[in-house]
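Survey of secondary and tertiary structure
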Amino acid sequence: VQLQASGGGLVQTGGSLTLSCVASRSIASINVMGWYRQAPGKERELVARIGSSRFKNYADSVKGRFAISKDNAKNTLYPQMNSLKPEDTAVYYCNARIVTPITSNDYWGQGTLVTISS
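A few points on the structure. Note that the coordinates shown come from a computational prediction; the quantities given were computed from them, not determined experimentally.

So, how was this worked out
Residues numbered from 1 in each chain as written. Predicted model: local features only at pLDDT ≥ 70, side-chain atom pairs only at ≥ 80, totals over all residues. Heavy atoms only, no water. Helix = DSSP H or I, 4+ residues; strand = E, 2+ residues; numbered from the N terminus. Rg over C-alpha atoms; globule rule 2.2 N^0.38 Å. Buried < 20%, exposed > 50% of the residue type's maximum accessible area, 1.4 Å probe, protein only. Areas by Shrake-Rupley, 256 points an atom, 1.4 Å probe, with all protein chains shown as cover. Lys, Arg positive; Asp, Glu negative; His and termini not counted. Charge placed at Lys NZ, Arg CZ, Asp CG, Glu CD.

Let's shift gears to the overall build of the protein chain. Helix and strand counts for the protein chain come out as zero helices and twelve strands. Ordering the α and β elements of the protein chain from the N terminus gives β-β-β-β-β-β-β-β-β-β-β-β. For a compact globule of 118 residues, the expected C-alpha radius of gyration is about 13 Å, and the protein chain comes in at 14 Å, within 12% of that figure. Each principal axis of the C-alpha atoms in the protein chain carries an extent, and together these give about 45 × 30 × 25 Å. For the protein chain, with 118 residues in total, the buried portion stands at 39%. Carbon and sulfur atoms make up 50% of the accessible area of the protein chain, which totals about 6200 Å². The distance from the centre of the 13 positive side-chain charges to the centre of the 7 negative ones in the protein chain is 6 Å.

Dropping the structure here:
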């Protein structure tokens, strides 16, 4: 599966932004999809993820501010990001994890830069 992320940009502290990640195939049966981010000089970290059963979990740093969702009809994954802080500045990557009885494969989008100005 190919993933195309978009929607990054420059936002002021306290602002909101919605990213999108369009998949090249149906996402309804993809086991888990998520957003990760990587800030300069730091390791990539999980931001939020959503399962095929629509369970969701979030990094503590974004709980209450970010909301992950997906539109199966549009094969698109979103994070709605509110109350943005300078520490949210990072390249955001979407991820799809497809699990079979014998394999587990991760697929990544190309990343979209989010910059929060103070």
